[in-house]
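Understanding the architecture of this molecule
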Amino acid sequence: MQKNKSNEYVVKVTATTTQEILQRDYDDNIKLNKDFANYLLFKTYKINSKQTLKLHFNMNQKIAKSEIETALNNQFIQESNIIKEEIKNLNFFILIMFYLGIITFFFMGTIHNYEYSNFYIETILEITAWVFVWESVDAFFLQRPKLKQKFLQMKKLCKADIKI
């Protein structure tokens, strides 16, 4: 991967056969070869979302630009939809865990005001509340950004400028 003068990232691909790049799935849809798809994900991992991506293919066999575009879209749109669903589920998980933590803190505070409160039960509730809150914070600040970056990377690959 190279950065050219106009701040675009260029990935140069050299292949001898189309099978190195493309394959057909069981529904006869064109997709990227698994190894090639992993190669593209590896090469484009750190691309900024504001920068453009160009894919330059040097092939010994003739291949249509539309076939590569279709394969890119079939491969990465499907995967980005899966990641989008994962982000949606993670957001729901974050809300549930945070609310459970707040409710547990509130319940701990009301138990503390009673005359016959038990120190051990209060401690267990406090630890439980902090675990709920920490899980939501961990998911929001550590897991969610990784999923969002992978989602944006796949969208960037779908919109890549292709040159053969």
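**Here's the deal with the packing of aromatic side chains**
If you walk through the whole model with that rule in mind, you get six aromatic pairs. Each ring, one from Phe36 and one from Tyr39, has its centre 6.3 Å from the other, and the planes form 25°; the classification is stacked. Placement of both Phe36 and Tyr39 in helix 1 (residues 34–43) is noted, with a separation of three residues, approximately one turn of the helix. Given a relative accessible area of 6%, Phe36 falls into the buried group. Note on Tyr39: relative accessible area 31%, which makes it partly exposed. Geometrically, the ring pair formed by Phe140 and Phe141 is edge-to-face, given 4.9 Å between the ring centres and 90° between the ring planes. Using a relative accessible area of 35% as the deciding quantity, one classes Phe140 as partly exposed.

**Overview of helix 1**
The complete set of buried residues in helix 1 reads Phe36, Ala37, Leu40 and Leu41. Looking straight down helix 1, one finds its buried side chains confined to an arc of 140°; they lie on one side. Exposed residues on helix 1 whose side chains face more than 90 degrees from its buried face are Lys34, Asp35 and Phe42. Contacts made by the buried residues of helix 1 are with strand 2 (9–15), strand 4 (30–32), strand 5 (53–59), helix 2 (65–112) and helix 3 (119–158). Backbone nitrogen of Asp35 and a side-chain oxygen of the N-cap are separated by 3.0 Å at the start of helix 1; the cap is Asn33.

**So, the environment of Ile63**
By secondary structure assignment, the location of Ile63 is in the loop between strand 5 and helix 2. Expressed as a C-alpha distance, the spacing of Ile63 and Thr18, which sit 45 residues apart in the sequence, is 7.2 Å. Once residues lying within four places of it in the same chain are set aside, the contact partners of Ile63 are Thr18, Leu22, Ile68 and Ile164.

**What to know about the pattern of salt bridges**
Think of it this way: side chains of opposite charge can pair up when their charged atoms draw near. This structure, assessed with the given rule, holds two salt bridges. Two residues, Asp161 and Lys54, come together in a salt bridge whose shortest N-O distance is 3.8 Å. Here Asp161, found in strand 6 (residues 161–163), pairs with Lys54, found in strand 5; they are 107 residues apart in sequence, far enough to count as distant. Exposure remark for Asp161: the relative accessible area of 37% places this residue in the partly exposed category.

Conventions adopted
- Residues numbered from 1 in each chain as written.
- Predicted model: local features only at pLDDT ≥ 70, side-chain atom pairs only at ≥ 80, totals over all residues.
- Heavy atoms only, no water.
- Phe/Tyr/Trp six-rings, centres within 6.5 Å; stacked < 30°, edge-to-face > 60°.
- Helix = DSSP H or I, 4+ residues; strand = E, 2+ residues; numbered from the N terminus.
- Buried < 20%, exposed > 50% of the residue type's maximum accessible area, 1.4 Å probe, protein only.
- Arc of directions from axis to C-beta.
- Contact = heavy atoms within 4.5 Å.
- Polar contact = N/O pair within 3.5 Å; in protein donor to acceptor, adjacent residues only side chain to side chain.
- Salt bridge = Lys/Arg side-chain N within 4 Å of Asp/Glu carboxyl O.

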